[in-house]
Amino acid sequence: AVRDWRVGQWVTANPLIWCDQCRACRRGEQNRCRRGHLLGEHLPGVCAEYVTVPARNLVEIPTSYDPRLAAAASL
């Protein structure tokens, strides 16, 4: 049911999983979400081969960009 992304498309993920309901989230300040959780700190999954995150957390990586740099940049 995810739109705007293709299977096989290169992406990195923002590791902050925010609630999208609180005042900070509604203002677009997801980094201030009091109910936010970080993958690898509050939620498991960063050492997995695959992980599921909300589509809103995805950022496209151009195919010409080094995926190691893109993974680090999301932090």
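**Comments concerning the nonpolar core**
- Leu16, Trp18, Cys19, Cys22, Ala24, Cys25 and Cys33 together form the largest nonpolar core, which totals seven residues.
- Not counting residues up to four positions away in its chain, the partners in contact with Cys19 are Cys25, Cys33, Arg35 and Arg56.

**Quick look at the pattern of salt bridges**
- Per the stated rule, a full pass over the model turns up four salt bridges.
- Of the charged contacts in the structure, one is a salt bridge between Arg56 and Asp20, with a shortest N-O distance of 3.6 Å. Here Arg56, found in the loop between β3 (37–38) and β4 (58–60), pairs with Asp20, found in the loop between β2 (16–17) and α1 (23–26); they are 36 residues apart in sequence, far enough to count as distant.
- Overall, Arg56 belongs to the partly exposed group, its relative accessible area being 39%.
- Among the salt bridges present, the one from Arg32 reaches Glu29, with a minimum N-O distance of 3.9 Å.
- Overall, Arg32 belongs to the exposed group, its relative accessible area being 56%.
- Salt bridges sharing common partners tie together Arg27, Glu29 and Arg32.

**So, the side chain of Thr12**
- Examined against the element boundaries, Thr12 turns out to sit in strand β1 (residues 11–13).
- If we skip the residues at most four places from it in the chain, Thr12 touches Asn57, Leu58, Val59, Ile61, Ala70, Ala71 and Ser74.

**What about unusual backbone geometry?**
- Look at Asp4: it is not a glycine, yet its phi comes out positive at around 75 degrees.
- With respect to the secondary-structure elements, Asp4 resides in the segment before β1.
- With a relative accessible area of 74%, Asp4 lands in the exposed category.

**A closer look at the environment of Ile17**
- Relative to the helices and strands, Ile17 is located in strand β2.
- In sequence terms Ile17 and Ala1 are 16 residues apart; their C-alpha atoms lie 19 Å from each other.
- With sequence-adjacent residues up to four places away left out, Ile17 is seen in contact with Arg35, Gly36, His37, Leu39, Leu43, Val53, Pro54 and Asn57.

Analysis parameters
- Residues numbered from 1 in each chain as written.
- Predicted model: local features only at pLDDT ≥ 70, side-chain atom pairs only at ≥ 80, totals over all residues.
- Heavy atoms only, no water.
- Core = buried A, V, L, I, M, F, W, Y, C linked by side-chain atoms within 4.5 Å.
- Buried < 20%, exposed > 50% of the residue type's maximum accessible area, 1.4 Å probe, protein only.
- Contact = heavy atoms within 4.5 Å.
- Salt bridge = Lys/Arg side-chain N within 4 Å of Asp/Glu carboxyl O.
- Helix = DSSP H or I, 4+ residues; strand = E, 2+ residues; numbered from the N terminus.

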